[in-house]
Amino acid sequence: MFRLALSCNDRQISKFLPLLRAHCSVLSAATNALQITSEGFENENREIDFDVLFQSCNKLHLVKPLHGLLVVSGKIKSVFTSTKLVNYYANLGDVSFSRHTFDHISNKNVYTWNSMISAYVRIGHFSEAVDCFSKLLLTSNLQPDFYTFPPALKACGNLIDGKKIHCSVLKLGFEWDVFVAASLLHMYCRFGLADIARKLFDDMPVRDNGSWNAMISGYCQSGNAVEALGVLHEMRLEGVNLDPITVASILPVCAQSDDIISGLLIHLYVIKHGLEFELFVSNALINMYAKFGILGHALKVFDEMAVRDVVSWNSIIAAYEQNDDPITAHAFLTKMQRVGLQPDLLTLVSLASIVSQLNDRRNSRSVHGFVMRRGWLMGDIVIGNAVVDMYAKLGVIDSARAVFEELPVKDVISWNTLITGYAQNGLSSEAIEVYQLMEECSEIIPNQGTWVSIIPAYSHVGALQQGMKIHGRVIKNCLYLDIFVGTCLIDMYGKCGRIDDAMYLFYQVPRKSPVPWNAIISCHGVHGHGSKALNLFREMLHEGVKPDHVTFVSLLSACSHSGLVTEGQQCFHVMQKEYGIKPNLKHYGCVVDLFGRAGHLEMAYDFIKSMPVRPDACIWGALLGACRIHGNMELGALASDQLFEVDSENVGYYVLISNIYANVGKWERVGKVRSLARDRGLKKTPGWSSIEVNNKVDVFYTGNRTHPRYEEIYDQLRNLTAKMKSLGYIPDYSFVLQDVEDDEKEHILTSHSERLAIAFGIISTPPKTPIQIFKNLRVCGDCHNATKFISQITEREIIVRDSNRFHHFKDGVCSCGDYW
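Residues numbered from 1 in each chain as written. Predicted model: local features only at pLDDT ≥ 70, side-chain atom pairs only at ≥ 80, totals over all residues. Heavy atoms only, no water.

The name given to the protein in an unreviewed UniProt entry is Pentatricopeptide repeat-containing protein, with Melia azedarach as the source organism.

This is the structure:
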């Protein structure tokens, strides 16, 4: 209790007290005790209960008048009162007033310095906190105590500052304090130095739950799940009970290490010790079961919760969203709103993913609008990245780019999301351009996600040299053994025609997961090496790696490209009978393609009719493509009718059926199909071919005359055509899908994009060196035949990767054996 003697300060005080009453009605009890009249104070000595005033001022605009009252009353001179004011300003979010008050305290003690450091840490001003700690050491005659170090260590933005503070800890002998030691553990683990943290932990004479939790959390931050579980085991051996924080820390580790047994045992411990009633423990259990895909257990935990907060609902929504069940996830979102809980930022992150999974373009705008109205897009980068990802997955890449450009701050995830969006939408050149823009931002450090995003883009355009540069950077950053980055590199070398390099890299990466096996099997498949793909599958089984559904898609595709019909049928049987994998539409499509490419069109059609699920566009498209290869107009027409029912917007199917009619001279029907496509606003995807020469990728379109060297290119083609004819080449006009004269047909064939790219490669590279080109569509039959002659004439190996597979032309022979 303080007494205020009113004399010469009466007039000043009378200015502040009405202001306090105007701003805070809850102060009335305290101010009424003063019995203030309009003419001043009736008595010179009145009591003001400043504790009540502090408790009543729960808004920033109320604390400031109280601050004034403390100044004019002289109570601000009390270091205790001033420090209390420092904390109040900080708790209400105004650290500038905290610092202003702090700077005017003449007789600061350690508690005052600790309060200022903690105030900076609470609002995330870490560099200011470290500076404040340094001034405590340098400008005051005070020594830090054990309350000083935990917030200072938490504020360290770099390892150098952390080590300096550690030196101060050692100098003052606080390394034995359990709270200081735990803070050191957290600091070193945050910088990835779990080994140093473990040494500190082992040297601690006394370890409480906080110390054990710090060590477990440290290993979690370092991604070392095995060591984290090891610490947990030691903790149990020493008889230390797990508390809710321990459980919430270790459950994500179980998911990370794919250790469901440990997760179940911890859940059992939770039930045995009654920890399931802790809200954040239940939330952690839901998240763990979601990571394992055990949604039944996650739902049971959720249903048994007596109290649920927004985090609980977000957890169960995310559980279904992340396990590809967007409908159930959306149903939980609706239930959440019915119980009166409003979605928060993380709810909208899940909702953005749900909308993209449901391919719901209309509601994507609603999600974007909701985020904009809340101001979250400008305030939180996580939701901004989620909206960019949502638009990209919906194929609305222009909107994704627009949102990306609006983000006030872009982190590495923002860039990775946009790069992936372009790559997944077939816009590899744009993805590469965005990556190059990212490289210009010195503050953005590429990470694992960056390489996984950009490497497939280089694969798609065949930019081998640029992809190899990325490989070099990956080696430098010690990420080449990462299973995801390594798999992307395997896929890149395979798709760029360097199958031996792909194999070499394959044997360098960890192979306990089916992911790298799937990639290398697929690479051999697109090169037409079906038998090698099957041998790799046997090797995979021998090493104890269990195949997944993707493995069999790669195998069936490899058999299809190599004409291994019997082997493909066996794979389809083994997948179901031995591994219990239920075929999906991709598997069925591969089998249809397997029969169709081999000319067994009736078998393919019968297989479709026997399917237990409704065929989709890919399956009818595979049959239509086979009809195009083998010239079956009747079955092709039937397949096209089915196609137009399930997917009338894919222009590629109109092109296929029109090509079938064109091959047999049914020009009237060709015109009808093309008119139908035009009436629906569909345009044929233009064919293009690319070639990388001197680290630069040149792209050619059919009939392209805009290239700086086009005259040389066409001269080379004319010379090659003359030499080919002397060796027996006869143009196949059936691949000209226009009703024109023969000389015009020959000109059209000669100007196909793949021939332009090959000719450019011949005039731009030394004699007899290999040429590699990439085509976005299938190579036409006449170009396939011509390229065999060109490889013989020029004595070069010519590698062509089209939309389906690789063709290695050498000495007049193609590796596909003309089975294309």
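## Describing the sheet that holds strand E7 (residues 771-775)
Judged by pairing direction, the sheet is mixed, and its 6 strands sit side by side in the order E6-E5-E7-E8-E9-E10 without closing on themselves. Looking at strand neighbours, the two that pair on one side only are strand E6 (696-701) and strand E10 (813-814), the edges of this open sheet. Sheet analysis places strand E5 (residues 688-693) next to E7, joined by 3 bridges and oriented antiparallel. Counterpart to serine 689 in the pairing with E7 is lysine 775. (Pairing = 2+ DSSP bridges. Helix = DSSP H or I, 4+ residues; strand = E, 2+ residues; numbered from the N terminus.)

## Some points on the nonpolar core
Membership of the largest hydrophobic core comes to 188 residues, with the highest contact counts inside it found for Ile454, Ile455 and Leu623. Leave out the neighbours within four places in its chain, and leucine 623 touches Val592, Leu601, Ala604, Tyr605, Ile608, Leu635 and Ala639. Counting residues in hydrophobic clusters, the runner-up holds 28 residues, among them Ile691, Ala757, Ala786 and Phe789. (Core = buried A, V, L, I, M, F, W, Y, C linked by side-chain atoms within 4.5 Å. Buried < 20%, exposed > 50% of the residue type's maximum accessible area, 1.4 Å probe, protein only. Contact = heavy atoms within 4.5 Å.)

## Structural notes on the pairing of strand E8 (residues 798-801)
The alternating pattern of E8 places Ile798 and Val800 on one face and Ile799 and Arg801 on the opposite face, and all of these are buried. Inspection of the sheet shows E7 paired to E8 by 4 bridges, in the parallel sense. Paired with isoleucine 771 across the bridge in E8 is isoleucine 798. A crossover links E7 with its parallel partner E8, the connecting element being helix H45 (residues 781-794), and its sense is right-handed. As paired strands, E8 and strand E9 (residues 806-810) are joined by 4 bridges and run antiparallel to one another. When the sheet's bridge partners are listed, isoleucine 798 is paired in E9 with phenylalanine 809. Counted along the chain from E8 to the antiparallel partner E9, the turn is 4 residues long. (Right-handed = clockwise from strand over helix to strand, strands pointing away.)

## Remarks on the side chain of histidine 752
Within the secondary structure, histidine 752 is located in the loop between helix H43 (742-750) and helix H44 (753-764). Using a relative accessible area of 12% as the deciding quantity, one classes histidine 752 as buried. Leave out the neighbours within four places in its chain, and histidine 752 touches Thr702, Cys780 and Cys783.

## What to know about the pattern of salt bridges
What the rule picks out here adds up to 20 salt bridges. Here arginine 99 ties to aspartate 103 by a salt bridge, and the two come within 2.9 Å at their closest N and O atoms. With arginine 99 and aspartate 103 both in helix H6 (residues 95-103) and 4 residues apart, this pair spans about one turn of that helix. Look at aspartate 103 and you get partly exposed, because its relative accessible area is 45%. Note that glutamate 754 is salt-bridged to lysine 775, the shortest N-O span being 3.1 Å. Of this pair, glutamate 754 sits in helix H44 while lysine 775 sits in strand E7, and the two are 21 residues apart along the sequence. Across this residue pair, the class does not change: glutamate 754 and lysine 775 are buried. (Salt bridge = Lys/Arg side-chain N within 4 Å of Asp/Glu carboxyl O.)

## Considerations on the packing of helix H7 (residues 110-122) against helix H8 (residues 126-139)
It is at 7 Å that the axes of H7 and H8 come closest, and there the two elements cross at 165 degrees. Between H7 and H8, the angle is such that the two are roughly antiparallel. Here H7 and H8 pass one another in a crossing that is left-handed. Residue-level inspection shows Trp113, Met116, Ile117, Tyr120 and Val121 of H7 in contact with H8, the latter providing Phe126, Glu128, Ala129, Cys132, Phe133, Lys135, Leu136 and Thr139. Split into classes, the residues belonging to the contact of H7 with H8 amount to 10 nonpolar, 1 polar and 2 charged. (Axes fitted to C-alpha atoms, helices over the stretch in contact; angles between N-to-C directions. Parallel < 35°, antiparallel > 145°, perpendicular 65-115°, else oblique. Left-handed = near helix turned anticlockwise from the far one by under 90°. Nonpolar A, V, L, I, M, F, W, Y, C, P; charged D, E, K, R; others polar.)

## Some points on the pairing of E6
Where E5 meets E6, 6 bridges bridge the pair, whose relative direction is antiparallel. What sits directly across from isoleucine 691, in E6, is aspartate 698. In this structure, the hairpin formed by E5 and E6 is closed by a connection of 2 residues, where asparagine 694 is found at a positive phi of approximately 55 degrees.

## Quick look at the packing of helix H24 (residues 381-393) against helix H26 (residues 412-424)
It is at 9 Å that the axes of H24 and H26 come closest, and there the two elements cross at 0 degrees. Between H24 and H26, the crossing angle belongs to the class labelled roughly parallel. Contact residues: H24 offers Ile381, Asn385, Val388, Asp389 and Ala392, while H26 offers Ile413, Ser414, Thr417, Leu418 and Gly421. Here the contact of H24 with H26 is composed, by residue class, of 5 nonpolar, 4 polar and 1 charged.

## A closer look at helix H28 (residues 448-461)
Taken as a whole, H28 has its buried residues at Thr450, Trp451, Ser453, Ile454, Ile455, Ala457, Tyr458, Ser459 and Val461. Between a side-chain oxygen at the N-terminus of H28 and the backbone nitrogen of glycine 449 the separation is 3.1 Å; the capping residue is asparagine 447. Directly after H28, the chain includes glycine 462, whose backbone phi takes a positive value near 75 degrees. (Polar contact = N/O pair within 3.5 Å; in protein donor to acceptor, adjacent residues only side chain to side chain.)

## Observations concerning the packing of aromatic side chains
For the structure shown, the criterion picks out 23 aromatic pairs. Note on phenylalanine 302 and phenylalanine 332: the rings are 5.7 Å apart at their centroids and 85 degrees apart in plane angle, and the pair reads as edge-to-face. Taken together, the residues span a long stretch of sequence, with phenylalanine 302 in helix H18 (residues 295-303) and phenylalanine 332 in helix H20 (residues 326-338) at a distance of 30 residues. Take phenylalanine 302: its relative accessible area is 2%, and that puts it in the buried class. When its relative accessible area of 7% is taken as the criterion, phenylalanine 332 is described as buried. On the numbers, 6.4 Å between centres and 65 degrees between planes, the contact of tyrosine 435 with tryptophan 451 is edge-to-face. Here tyrosine 435 is found in helix H27 (residues 428-439), whereas its partner tryptophan 451 is found in helix H28, with 16 residues between them in sequence. As far as the burial class goes, tyrosine 435 and tryptophan 451 line up, both buried. An aromatic cluster is defined as three or more aromatic residues linked by ring pairs; in this entry it consists of Phe133, Phe146, Tyr147, Phe149 and Phe174. (Phe/Tyr/Trp six-rings, centres within 6.5 Å; stacked < 30°, edge-to-face > 60°.)

## What about helix H33 (residues 530-542)?
Under the 1.5 Å per step criterion, the end-to-end length of H33 is 19 Å for 13 residues, consistent within 8% with the ideal 18 Å. Looking at H33, one finds that the buried residues are Gly530, Ala533, Leu534, Leu536, Phe537 and Met540. Considered in projection along H33, the buried side chains sweep an arc of 155 degrees and stay on one side of the axis. Contacts from the buried residues of H33 go to helix H31 (499-506), helix H32 (514-526), helix H34 (549-562) and helix H35 (565-577). Residue glycine 544 follows H33 closely and has a positive phi angle near 80 degrees. (Expected span 1.5 Å × (residues − 1). Arc of directions from axis to C-beta.)

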